[in-house]
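Working through the structure, step by step
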Amino acid sequence: MRAVGIDLGTTNSEVAIVENGQVRVLPGEDGDLILPSCVGFSDTGKLLVGRDALRQYAAAPERTVKSIKRWMGTDHKTTLGVGGASSEETREYLPHEISAIILRALKQRAENALGESVTQAVITVPAYFTDAQRQGTKTAGEIAGFEVLQIINEPTAAALAYDLRSEETERVLVYDLGGGTFDVSVVEITGDVTEVLASHGNNRLGGDDFDRLLQLHLASIFRKEHGVDAPDDAVTQARLLRAAEQLKIEMSSHGFATVREAFLSSKGKTPLHLEAEVARTDFEVLIRPLLEETLEAIDRALADANLKAEKIDRVILVGGSTRIPLVQQMIQQHLGQTPTDGIQPDLCVALGAALQAGVLVGESVDAILVDVIPHSLGIAAAVNTPRGIMPGYFSVIIPRNSVVPVSRSEVYSTLLDNQEAVEIEVFQGENAIAEENVPLGSFKVENLPPKPAGGIQVEVHFDFDLNGILTVTTTEKGKGQQGTLVVNSVGMQRLSSHELKQAKEELDALFESDETIEISPEVTIDPVKVNPELTALLERARRVLSSLDEEQSEELQELLDQIEDAIAEESAEIPQLQEELSDFLYYVTNNEDE
Ligand code: AMP
């Protein structure tokens, strides 16, 4: 059973694998290594993913969606016409559901390329992704039918791909400018340990923004030329946006480029075309302010890592947008060194993710991963100031850039006499005022015994795992009363097994008509044989069994026995036990450093 690495990008996605110690990106049937992160329905209602979907984007934006990653972790709904061009049938999709379709297409791509089923994956996210966004990504992977071994940061994956492991410590700055997100990370690599020292970014900045600026520029050229605005309908605007992107890419290798979009509009009976030549320097004027912002982020990351620019041994560029000459030029001037090149900037994240997947399933690739948390985590608390007690301060429990996994506790006291309850409000961010940060959820510790102010102490424990998922528990000192917070992030929750099953079935139905999926459908009543995921889980469980401590190994053995019985009896409990096993393995894999 093989584990793949996936770069789930805003604009493009890739899937890679380690084979015989070598790592490679797996091509689609057309030989293309890149799958555009675009999903749509054709005019006959057929599901389209990747280039086919992108091709119809300009003509049928109401049946197509791209850049969904920008919405990850929110409850933004995308309405897609699913029943073909003449049908009124539509359906609403949440961001993780669209992402699941992309991941499912990558799974299928990998299975076709390898000729066997693929059920495990490491998926990358920007280092700056919040908890909700990471959780959404993991859920998308699960709906797509993967066991998500780990969610790792894109810059860390990139550094792994450059195979910079040497005995000497190297400090590497990873500058990642993709389609929709920007990240800069300072990474330290010693031997086979990669540690993110600091990371900054903006998950709403990237090539899409350059496209939009250029789109507005093209619209103004059209207005100047014809004295009327280009129509403000979705199709025309999508055409302009597509033309802008092509123009942008061409200008990375040419000083000037021409654009021609025929029949964009009409005046009376006269058709109006857009025809123009754009200079690279004009484009550079448009994007320079956004690039300046990325330089500021570099400085912040260096300051956080306590390093001067001269202490950086290498600069690595990641993401398609780093092909823009001005980007390279500005980084070079700012840091005083030429970025290392070698691997294609759009593939190195997937390659690094595959290396990590290889490590997790025991392939002979020796790299260990250490990550940091991108935002400080803490709770709202009252603090004693010279002007008296002030509520609503942000009390940081895990500071930004702590190495994960990390567990920290703080003890808080009651503020009032006979206080009956304490509200624990959890936030992430850097502002001293709690409310100014991103709320992650809250819960109450109730039924406290009557005591004078300060008489009751409550310990708040934060546990942040390798996937960026936070568990908060509280203990009342001396009583051991426990409260646990399930981080209920913006419109995003982990799905229950039932919801997950339903989402998977829906996705199965969507893919059913596609004949290219070939996963050896052995006709047998053995439920394990028709369930490659469970087979993979069982294989993995048996492998890890010997490396666990006594308590965990007993727990796992018991679970395996239960599953064996359930299989023998063809019990309806198999899915539930399977999920338990998946959670258990996920837990032990991601907490083994603790
Ligand atoms: P990624 O998310 O890394 O796949 O990067 C995708 C972004 O890179 C998109 O905005 C593309 O338009 C952009 N891109 C790809 N190739 C080039 C190029 N040669 N010059 C400028 N931008 C590019």
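Right, let's walk through the structure included here. (Residues numbered from 1 in each chain as written. Predicted model: local features only at pLDDT ≥ 70, side-chain atom pairs only at ≥ 80, totals over all residues. Heavy atoms only, no water.)

1. What to know about the packing of helix H7 (residues 280-304) against helix H8 (residues 325-335)
Viewed as axis vectors pointing N to C, H7 and H8 meet at an angle of 40 degrees, and their least axial separation amounts to 9 Å. It follows that H7 is oblique to H8 by the angle criterion. Here the hand of the crossing between H7 and H8 comes out right-handed. On H8, the residues that touch Arg280, Glu284, Ile287, Arg288, Leu291, Glu292, Leu295, Ile298, Asp299 and Leu302 of H7 are Pro325, Leu326, Val327, Met330, Ile331, His334 and Leu335. (Axes fitted to C-alpha atoms, helices over the stretch in contact; angles between N-to-C directions. Helix = DSSP H or I, 4+ residues; strand = E, 2+ residues; numbered from the N terminus. Parallel < 35°, antiparallel > 145°, perpendicular 65-115°, else oblique. Left-handed = near helix turned anticlockwise from the far one by under 90°. Contact = heavy atoms within 4.5 Å.)

2. With respect to the environment of Gly207
Relative to the elements of secondary structure, Gly207 occurs in helix H5 (residues 207-226). In the structure, Gly207 is positioned 27 residues away from Gly180 in sequence and 6.1 Å away in space, judged by C-alpha atoms.

3. Regarding unusual backbone geometry
For Phe263, which is not glycine, the phi torsion reads 55 degrees and is therefore positive. Assessed through its relative accessible area of 57%, Phe263 is described here as exposed. (Buried < 20%, exposed > 50% of the residue type's maximum accessible area, 1.4 Å probe, protein only.)

4. Observations regarding the environment of Met330
For Met330, the position within the fold is in helix H8. Residue classification places Met330 among the buried positions, given a relative accessible area of 6%. Each C-alpha atom, one on Met330 and one on Thr294, is 9.8 Å from the other, the two residues being 36 residues apart in sequence. Excluding residues that lie within four positions of it along the chain, Met330 makes contacts with Arg288, Leu291, Glu292 and Leu295.

5. Description of the site of the ligand
In the region of the ligand, 14 residues are neighbours, and Asn12, Glu245, Lys248, Ser252 and Gly320 sit closest. In this structure, an oxygen atom belonging to the ligand sits 3.0 Å away from a side-chain N or O atom of Asn12. In this structure, an oxygen atom belonging to the ligand sits 3.2 Å away from a main-chain N or O atom of Ser321. Summarising the interface, the protein chains cover 89% of the accessible area of the ligand, which totals 500 Å² for the free molecule. For the shell around the ligand, the element with the most residues is helix H6 (residues 234-251), which contributes three residues. Counted by class, the shell around the ligand contains two nonpolar, nine polar and three charged residues. (Near = heavy atom within 4 Å. Polar contact = N/O pair within 3.5 Å; in protein donor to acceptor, adjacent residues only side chain to side chain. Areas by Shrake-Rupley, 256 points an atom, 1.4 Å probe, with all protein chains shown as cover. Nonpolar A, V, L, I, M, F, W, Y, C, P; charged D, E, K, R; others polar.)

6. Examining the packing of aromatic side chains
For the structure shown, the criterion picks out two aromatic pairs. Looking at Lys107, its charged tip hangs above the ring of Phe146, at a distance of 5.9 Å from the centre. (Phe/Tyr/Trp six-rings, centres within 6.5 Å; stacked < 30°, edge-to-face > 60°. Lys NZ or Arg CZ within 6 Å of the ring centre and 35° of its normal.)

7. Describing the nonpolar core
Residues Leu173, Tyr175, Val186, Leu218, Leu291 and Leu302 are the most contacted members of the largest nonpolar core, which totals 49 residues. For this core, the element with the highest residue contribution is H7, accounting for nine residues. In this view, Leu291 contacts Tyr175, Leu177, Phe210, Leu326, Val327 and Met330; residues no more than four positions away in its chain are not counted. With 39 residues, the next largest nonpolar core counts Leu35, Val39, Ala105 and Ala144 among its residues. (Core = buried A, V, L, I, M, F, W, Y, C linked by side-chain atoms within 4.5 Å.)

8. Digging into the sheet that holds strand S6 (residues 47-49)
Strand order in this open sheet of three strands is S6-S5-S7, and the pairing throughout is antiparallel. Edge strands, defined here as strands with exactly one partner in the open sheet, are S6 and strand S7 (64-66). Each adjacent strand pair in this sheet contributes to an overall mean axis angle of 15 degrees, direction not counted. Relative to S7, strand S5 (residues 38-41) runs antiparallel, the two being bridged by three bridges. Its bridge partner lying in S7, Cys38 is registered against Lys66. (Pairing = 2+ DSSP bridges.)

9. Digging into the pairing of strand S17 (residues 314-318)
The side chains of a regular strand alternate between both faces of the sheet. Extensive coverage of S17 is indicated by the burial of four of its five residues. Inspection of the sheet shows strand S12 (residues 170-177) paired to S17 by five bridges, in the parallel sense. If you follow Val172 over to S17, its bridge partner there is Arg314.

10. Overview of the pattern of salt bridges
Under the defined criterion, the tally for this structure stands at 21 salt bridges. Of the charged contacts, one joins Glu116 and Arg2 as a salt bridge, the two residues approaching to 2.8 Å between their closest N and O atoms. Note that Glu116 is positioned in the loop between helix H2 (95-114) and strand S10 (118-125) and Arg2 in strand S1 (residues 2-8), a separation of 114 residues in sequence. Taking relative accessible area as the criterion, Glu116 reaches 30% and is therefore assigned partly exposed. A salt bridge links Glu97 to Arg91; the shortest N-O distance between them is 3.9 Å. For Arg91, a relative accessible area of 24% translates into the label partly exposed. Within the structure, one salt-bridge network assembled from shared partners comprises Arg2, Glu19, Arg24 and Glu116. (Salt bridge = Lys/Arg side-chain N within 4 Å of Asp/Glu carboxyl O.)

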